[in-house]
Amino acid sequence: MTEAAEMMHVEVTRFDPDQDEVPKVQEYDIPIQSDWKVLDAINYIKDEVDSSLSHRWSCRMAVCGSCGMMVNGEPKLTCKTSLADYSGSIKIEPLANFPIVRDLVVDIDGFMDKFRQVKPWILRAKERAEDMEALNEKGTFSQSPAELGAFKQFSMCINCLLCYSACPVVANEPEFIGPAAIALGHRYNLDSRDEGARERNETFRGEGTVFSCSFANECSQVCPKNVDPAAAVNQAKLGAVIDWAKGLVLPREGA
Amino acid sequence: MKHLLLILEPVIWLLFGAGLALGTMLLTGFVLVVGLAIPMGIVPPEALNYERAYGLASSFIGRVILLALIALPLWKGAHHVRSLALDFGGAERDGAVGSLLYLAAAGVSVLGIIAVVGL
Amino acid sequence: MAGTAHPEAMAPPQKGPTRTAPPQMPGTWWGAPRIRTYLLFGATGIVYFIAGTVFLHLVWQLGKGPEAWETALSSLSHPAYIAFNALTLVSVIFVGVRAFGGMMPKMQPRTGPIPVLPAGTVKALIYGVWSLMTLVICLILAGVLF
């Protein structure tokens, strides 16, 4: 390894629930390599400077979605953000809009709870005989490329929670179930194998869901996987309204 | 209050959406001519003298367009101001603020209906 | 960070055993150009609301008779009215560009009989309708048509 030519001033949020009333800032000056990502700098601090620093990370290739943090105030996947994009000094904070457990680690239980509300799995109207036939013939429910294309973009979410950190509605309305959860619910509504759209649309018309969105579009701006949750949420609005209007004129099937 | 708003949400959102799309499209032309070109003397005010203005406005299509021009921007406005209030940290007052704004929009819309029908 | 978020933002359904620090707002909140544009977009709501009442006033005066209408129309040349209408025009164009250029093309329903068009096509269609409507309204109001 060559001698590092450059130094970087890193400000990191620290919070120890046993000692600190509120989060504080700790500063480090570390040598960096030109090809480092922000995550490499944090790992360097943890390994070489201050082993008490807590942060989450795993895959280092923008797939696991665990290393999301605020970098200079903007939610970023730290394994996908080059240090070269920042010069001299950098400020790293835990994801905004989440309770802080320790240092750069946030509590994601609230998200997991909201996530379940949209029933992010394939719902079938009822167990039907042809379901079993379809399974027996092809081994699974067949789906054309066009049918897959209808929702594929919205299924690329890695639950990194950057969208929750960017969303002004998440910050101010605790009931709001948030961009990723709605996008995932919408993804199942668009799935040709799914028959649960009506059920999810009822959820979508409940408190703190699609209509709470004020289309700031921040979620789509920060999404590292180009899922475009804002598009999903606003298509879901239209879907929920169309479903509501249908309910006014047509009697509910089986109801 | 919040519960009622929740039930009415699809209607409110449709009115908001109509205000955002159709309201914007209507306002552009009306503001350009009635709000700017005539007052600034670019278009002679005779173009909208009483006889002509009344003739245009009192036709069936004229009435419908004028009602849309009055009511739709109100709903776009009320809904946007509500979300603006929420952005400034008003989650606790959201139900009250929303109700007040939509009531105002509904009230002025009713005046709009009276004005347009009474032409 | 730019202040605290709602204390219950993204709170877990049950409090865990560890004490947590309250959620913070993103540091970019007020200063970021994107957020400022978004807040301005919301603020156009105020302008729209007033614009609706201004047109209500005009229609109301038109219903009252020729004198009331002429007075109302000539009162629009007051600099305050002209300034407000100029602000309305700016707001309307800003809303149109943000909503028709970015938001609405994204909102096409993905299910149902209508095929999904490319965002660019939808954008061109909406802008076309907007321009055409504005042109026709302007020509009618200025006395060129009808």
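Thresholds applied
Per chain, residue numbering runs from 1 following the sequence as it is written. Starting at A for chains and at 1 for ligands, labels are handed out in the order in which the entities are written. Owing to the predicted nature of the model, reporting of local features is limited to residues with pLDDT of at least 70; listing and counting of side-chain atom pairs is limited to 80 or more, with chain, interface and lining totals taken over all residues. Runs of H or I in DSSP of at least four residues are treated as helices and runs of E of at least two as strands, each being numbered from the N terminus. The reference for a compact globule is 2.2 Å times residues^0.38; the radius of gyration itself is calculated from the C-alpha atoms. Two residues form a contact once the distance between their C-beta atoms, set from the backbone, is within 7 Å. Boundaries between domains were set according to an automatic or database domain assignment. Around each residue's C-beta, the other C-beta atoms within 10 Å are counted; 20 or more make the residue buried, 12 or fewer make it exposed, and counts in between make it partly exposed. All C-beta atoms are placed from the backbone. In this classification, the charged set is Asp, Glu, Lys and Arg, the nonpolar set is Ala, Val, Leu, Ile, Met, Phe, Trp, Tyr, Cys and Pro, and all remaining amino acids, among them Gly, are polar. Axes here refer to lines fitted to C-alpha atoms; in helices the fit is confined to the stretch in contact. Angles between the N-to-C directions go from 0 to 180 degrees. Just so you know how the angles are binned, under 35 degrees is roughly parallel, over 145 roughly antiparallel, 65 to 115 roughly perpendicular, and the rest oblique. A crossing counts as left-handed when the near helix is turned anticlockwise from the far one by less than a right angle, and as right-handed when that turn is clockwise. Joining buried Ala, Val, Leu, Ile, Met, Phe, Trp, Tyr and Cys residues through C-beta atoms within 7 Å gives a set, and that set is a nonpolar core. Here, strands pair whenever DSSP counts at least two bridges between them. Per-residue confidence from the predictor is reported as pLDDT, a score between 0 and 100.

Examining the overall build of chain B
When its secondary structure is counted, chain B shows 4 helices and 0 strands. Going from the N terminus to the C terminus, chain B shows its helices and strands as α-α-α-α. Relative to the compact-globule value of 14 Å for 119 residues, chain B shows a C-alpha radius of gyration of 17 Å, a clear excess of over 25%. Principal axes of the C-alpha set define a box for chain B whose edges measure 50 × 30 × 20 Å. A separation threshold of at least 6 residues defines the contact pool for chain B, and within that pool the share at least 24 residues apart is 76%.

Examining the interface of chain A and chain C
With 40 residues of chain A in contact, the opposing surface of chain C contributes 30 residues. Counting residues per element, the ones that place at least two in the side of chain A that touches chain C are β4 (74-77), β6 (100-102), α2 (109-116), α5 (162-166), α6 (168-172), α9 (218-222) and α10 (229-249) of chain A. Examining the composition of the side of chain A that touches chain C, we find that 6 residues originate from one element, α10(A), more than from any other.

Details of the domain arrangement of chain A
Residue and element names in this part refer to chain A. Partitioning chain A into structural domains gives domain 1 (6-106) and domain 2 (109-249). Relative to domain 2, the C-alpha centre of domain 1 lies at a distance of 31 Å. On the side of domain 2, 12 residues touch domain 1, which itself brings 13 residues to the contact. Sorting the residues of the side of domain 1 that touches domain 2 by element identifies β3 (68-71) and β4 as the ones contributing at least two each.

Overview of the environment of C:V95
Residues and elements named next belong to chain C. Following the sequence through the fold, V95 ends up in helix α3 (residues 79-103). By C-beta crowding, V95 is classed as buried, having 27 other C-beta atoms within 10 Å. Between the alpha carbons of V95 and F41 there is a distance of 6.6 Å; along the sequence they are 54 residues apart.

Things to note about unusual backbone geometry
Unusually for a residue other than glycine, A:F215 sits at a positive phi of about 55°. You can see A:F215 is positioned in the loop between α8 (197-204) and α9.

What about the interface of chain C and chain B?
Facing 46 residues of chain C, the contacting portion of chain B comprises 52 residues. Within the residue set of the side of chain C that touches chain B, elements represented by two or more residues are α1 (33-64), α2 (66-75), α3 and α4 (119-141) of chain C. Looking at which element gives the most residues to the side of chain C that touches chain B, the answer is α1(C), with 17 residues. Of the residues in the side of chain C that touches chain B, the class split is 32 nonpolar, 13 polar and 1 charged.

Here's the deal with the environment of A:S87
All names here are of chain A. Relative to the helices and strands, S87 is located in the loop between β4 and β5 (89-93). By the C-beta count within 10 Å, which is 9 here, S87 ends up exposed. Note: C-alpha distance between S87 and V49 (38 residues apart in sequence) is 21 Å.

Focus on the packing of α1(C) against α3(C)
Residue and element names in this part refer to chain C. With their axes 10 Å apart at the nearest point, α1 and α3 run at an angle of 130° to one another. When the interaxial angle is binned, α1 and α3 end up oblique. Note on packing geometry: the crossing formed by α1 with α3 is left-handed. Taking contact as the criterion, the partners of F41, T44, V47 and A51 in α1 are, on α3, L87, T88, S91, F94, V95 and R98.

So, the nonpolar core
Core analysis: the largest hydrophobic core is formed by 129 residues, its most contacted members being A:C163, A:C167, A:I182, A:A183, B:F30, C:F55 and C:V59. Residue contributions to this core reach at least three from each of two domains, namely domain 1 (6-106) and domain 2 (109-249) of chain A.

So, the packing of α8(A) against α10(A)
Residues and elements named next belong to chain A. In the contact formed by α8 and α10, the axes pass within 9 Å of each other and the chain directions differ by 105°. With respect to each other, α8 and α10 are oriented roughly perpendicular. In this structure, α8 contributes R198, N201 and F204 to the contact, and α10 contributes A236, G239, A240 and D243.

As for the environment of A:A230
All names here are of chain A. Turning to its location among the elements, A230 is positioned in helix α10. Accessibility expressed as a C-beta count within 10 Å gives 26 for A230, which makes it buried. Distance in space between the C-alpha atoms of A230 and Y188 is 16 Å, their sequence separation being 42 residues. Excluding its chain neighbours within four sequence positions, the residues that come into contact with A230 are F215, N217, C219 and S220.

Brief notes about the sheet that holds β4(A)
Residue and element names in this part refer to chain A. The strand order across the open sheet built from 5 strands is β2-β1-β5-β3-β4, with neighbouring strands paired in mixed fashion. Only two strands of the sheet have a single neighbouring strand rather than two, namely β2 (24-32) and β4. Between one strand axis and the next, the sheet turns through 35° on average, direction left out of account. Packing of helix α1 (residues 38-49) onto the sheet brings it into contact with β1 (6-14), β2, β3, β4 and β5, and relative to β2 it is tilted by some 100°.

Details of the confidence of the model for chain B
Residues and elements named next belong to chain B. Summarising the model, chain B shows a mean pLDDT of 94, and 99% of its residues fall at 70 or more. Summarising per-element confidence for chain B, the mean pLDDT is lowest in helix α1 (residues 2-37) (94) and highest in helix α3 (residues 60-87) (96). Predicted complex, confidence summary: ipTM 0.95, pTM 0.91.

Section: the pairing of β4(A)
Residues and elements named next belong to chain A. Neither face of β4 is left uncovered, since the one carrying E74 and K76 and the one carrying P75 and L77 both have all their residues buried. Pairing of β3 with β4, which is carried by 4 bridges, proceeds in the antiparallel orientation. Pairing of M69 across the sheet is with K76, part of β4. Between β3 and β4, which pair antiparallel one after the other, the connecting turn spans 2 residues, and N72 there sits at a positive phi close to 50°.

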